[in-house]
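For reference, the chains in residue letters:
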Amino acid sequence: MTLNKEIKLFNGKNLNGWVIYGTEKWYVEDGLLISESGPDKEYGYLGTKKNYKDFELNLEFKQEADGNSGVFIRSTVDGTKVSGWQVEVAPPGHDTGGIYESYGRGWLIKPDKEKDSVLKFGDWNKMKIFVKGDRVTSYLNDVEMVDYTDSKIGQGEGGILLQIHDGGGIKVYWKNITLKPL
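Residues numbered from 1 in each chain as written. Predicted model: local features only at pLDDT ≥ 70, side-chain atom pairs only at ≥ 80, totals over all residues. Heavy atoms only, no water.

Some details on the overall build of the protein
Right, on to step 1. Within the protein, the regular secondary structure consists of one helix and 15 strands.
Right, on to step 2. For 182 residues, the compact-globule formula gives about 16 Å, and the C-alpha radius of gyration of the protein, at 15 Å, lands near that figure.
Right, on to step 3. Overall, the C-alpha framework of the protein stretches about 40 × 40 × 30 Å when taken along its three principal axes.
Right, on to step 4. When each of the 182 residues of the protein is scored for burial, the buried share is 49%.
Right, on to step 5. Of the contacts formed within the protein by residues at least 6 apart in sequence, a portion of 63% connects residues at least 24 apart.
Right, on to step 6. Just so you have it, the protein exposes about 8500 Å², and 46% of that area is on carbon and sulfur atoms. (Helix = DSSP H or I, 4+ residues; strand = E, 2+ residues; numbered from the N terminus. Rg over C-alpha atoms; globule rule 2.2 N^0.38 Å. Buried < 20%, exposed > 50% of the residue type's maximum accessible area, 1.4 Å probe, protein only. Contact = heavy atoms within 4.5 Å. Areas by Shrake-Rupley, 256 points an atom, 1.4 Å probe, with all protein chains shown as cover.)

Notes on the nonpolar core
Right, on to step 1. Counting 37 residues, the largest nonpolar core has Leu57, Val71, Trp174 and Ile177 as its most contacted members.
Right, on to step 2. Looking at this core, the elements with two or more residues in it are strand S6 (55-65), strand S7 (69-78), strand S8 (81-89), strand S11 (125-132), strand S12 (135-140), strand S13 (143-149), strand S14 (159-164) and strand S15 (170-181).
Right, on to step 3. The dominant element in this core, judged by the number of residues it contributes, is S15, at five residues.
Right, on to step 4. Among the nonpolar cores identified, the runner-up in size contains five residues, and Tyr45, Phe72, Val77 and Leu161 belong to it. (Core = buried A, V, L, I, M, F, W, Y, C linked by side-chain atoms within 4.5 Å.)

Digging into the sheet that holds S7
Right, on to step 1. The antiparallel open sheet is built from seven strands, whose spatial order is S2-S5-S14-S7-S8-S9-S10. Two strands lie at the open edges of the sheet, namely strand S2 (18-21) and strand S10 (106-109), each paired on one side alone. Here the average twist between neighbouring strands, direction ignored, is 25 degrees.
Right, on to step 2. In the sheet, S2 pairs with strand S5 (residues 44-48) via four bridges, with the strands oriented antiparallel. Note that in S5 the partner of tyrosine 21 across the bridge is tyrosine 45. (Pairing = 2+ DSSP bridges. Axes fitted to C-alpha atoms, helices over the stretch in contact; angles between N-to-C directions.)

Some remarks on the layout of surface pockets
Right, on to step 1. Of the volumes computed, that of the largest pocket is approximately 190 Å³.
Right, on to step 2. Looking at the largest pocket, it is lined by 13 residues, and the ones nearest its centre are Tyr43, Gln86, Tyr100, Gln163 and His165.
Right, on to step 3. For the lining of the largest pocket, the elements supplying multiple residues, two or more each, are S8 and strand S9 (99-102).
Right, on to step 4. Counting residues per element, the lining of the largest pocket draws most heavily on S8, which supplies three residues.
Right, on to step 5. Residues belonging to the lining of the largest pocket are distributed by class as follows: six nonpolar, six polar and one charged.
Right, on to step 6. Size it by volume and the second largest pocket reaches roughly 160 Å³.
Right, on to step 7. Lining the second largest pocket we find Ile7, Lys8, Leu9, Phe10, Asn11, Asn16, Gly17, Trp18, Thr48, Lys49, Lys50 and Tyr52.
Right, on to step 8. Classifying every residue of the lining of the second largest pocket by side-chain character gives five nonpolar, four polar and three charged. (1 Å grid on protein atoms, 1.4 Å probe; cavity = no way out; pocket = protein on both sides within 12 Å on 5 of 7 lines; lining within 4 Å. Points joined across faces, edges and corners; volume = space filled by probe spheres on them. Nonpolar A, V, L, I, M, F, W, Y, C, P; charged D, E, K, R; others polar.)

Re the side chain of asparagine 125
Right, on to step 1. Locating asparagine 125 in the fold gives a position in strand S11.
Right, on to step 2. The class of asparagine 125 is buried, set by a relative accessible area of 0%.
Right, on to step 3. Reaching out from asparagine 125, the side chain makes a polar contact with the side chain of asparagine 141 at a distance of 2.9 Å.
Right, on to step 4. Dropping the residues within four chain positions of it, asparagine 125 is found in contact with Leu59, Glu60, Phe61, Val118, Leu119, Lys120, Leu140 and Asn141. (Polar contact = N/O pair within 3.5 Å; in protein donor to acceptor, adjacent residues only side chain to side chain.)

Examining unusual backbone geometry
Right, on to step 1. Despite not being glycine, lysine 41 has its phi angle at roughly 55 degrees, a positive value.
Right, on to step 2. Secondary-structure assignment places lysine 41 in the loop between strand S4 (32-36) and S5.
Right, on to step 3. Of note, the phi angle at aspartate 142 is positive, near 70 degrees, even though the residue is not glycine.
Right, on to step 4. As for its position among the elements, aspartate 142 is in the loop between S12 and S13.

What follows is the structure, given as structure tokens:
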């Protein structure tokens with residue numbers, strides 16, 4: 001494998017290369033990856049089978065209904081309890097692009113409030129996440145949301161996970177999920 005070659009994490013046809021955690025719904029329709037609340041209205045995750053350490057991750061998402069979700073980096077799941085770091089995907093006013101540590105320190109950094117207008121709720125958004133060593137930088141629609149350095153993240157091991165938040169009534173569409181190892 002050539003270094004720095006872009007990897008398509010989602011093939012637009014099925015969930016090959018991914019593992020579903022929990023009872024929430026993850027399916028492919030019209031070339032899109034769709035996540036929506038299931039009958040249990042609990043947290044749910046779709047995770048890569050492979051682990052990734054240093055990378056540039058690009059994806060697009062569109063939120064319907066509540067839209068509270070996230071993209072986890074260097075993360076692992078036990079049942080539906082995740083260990084790792086989430087780059088937030090949330091409705092307006094809820095810190096999309098910020099970094100949250102689940103079952104740990106909570107919010108590590110939130111974007112400045114004036115950056116909230118970058119999110120196009122109900123339309124497609126481009127997210128880019130750079131992870132290199134101790135540093136994570138997130139971009140939403142080409143605007144830098146946060147740039148954060150943390151030794152605990154630097155020690156993290158695990159895969160990429162997409163999240164659906166608990167509470168029910170959530171639907172998020174995903175496409176063009178690619179990863180370039182750094």
